[in-house]
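For reference, the chains in residue letters:
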Amino acid sequence: MQIDDPLQAGFLKQTASASYFPNEPEMGAVWTPAADMITKVIEGKASPADAAKEACATIDTANNK
């Protein structure tokens, strides 16, 4: 499949090595920060590195409660 959008092509390429992620209630602490991270990068509101760092900090804080 040929995709002209480099962002979409990157996501498609990643699916080749993707694996199932558990659907457990505890994962709620991950999904929202992860979605926010992706949105910030796509909208140009944060660099990938900064968005990932912020998401990890948010997830770590939730896991330490």
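Residues numbered from 1 in each chain as written. Predicted model: local features only at pLDDT ≥ 70, side-chain atom pairs only at ≥ 80, totals over all residues. Heavy atoms only, no water.

1. Observations regarding the packing of helix H2 (residues 28-42) against helix H3 (residues 48-63)
Keep this limit in mind: For every element, the axis is a line fit to its C-alpha atoms; helices are fit only across the contacting stretch, and the angle between N-to-C directions ranges from 0 to 180 degrees. Working definition: helices are DSSP H or I runs of at least four residues, strands are E runs of at least two. Numbering for both runs from the N terminus. These descriptions rest on fixed angle ranges, namely under 35 degrees for roughly parallel, over 145 for roughly antiparallel, 65 to 115 for roughly perpendicular, and the rest for oblique. Here is the rule for handedness: rotate from the far helix to the near one, and if that takes an anticlockwise turn smaller than a right angle the crossing is left-handed, while a clockwise turn gives right-handed. Residue contacts follow a heavy-atom distance rule, with two residues in contact if any of their heavy atoms lie within 4.5 Å.
It is the contact of H2 with H3, at a shortest axis distance of 9 Å, that shows an interaxial angle of 165 degrees. When the interaxial angle is binned, H2 and H3 end up roughly antiparallel. The handedness of the crossing between H2 and H3 comes out as right-handed. Every residue of H3 that contacts H2 at Ala29, Val30, Pro33, Met37, Lys40 and Val41 is listed here: Pro48, Ala51, Ala52, Glu54, Ala55, Thr58, Ile59, Ala62 and Asn63.

2. What about H2?
What counts here: A helix is expected to span 1.5 Å multiplied by its residue count minus one. In this scheme, a residue with accessible area under 20% of its type's maximum is buried, one over 50% is exposed, and one in between is partly exposed, where area comes from a 1.4 Å probe on protein chains only. Directions drawn from the helix axis to the C-beta atoms are what define this arc.
Here H2 spans 22 Å end to end across 15 residues, near enough to the 21 Å set by a 1.5 Å rise per residue. Those residues of H2 lying buried are Val30, Pro33 and Ala34. Along H2, the residues classed as buried sweep out an arc of 105 degrees about the axis, all on the same side. On its buried face, H2 is in contact with H3.

3. Here's the deal with the environment of Gly44
Within the secondary structure layout, Gly44 lies in the loop between H2 and H3. Sequence-wise, Gly44 and Lys65 are 21 residues apart; in three dimensions their C-alpha atoms are separated by 31 Å.

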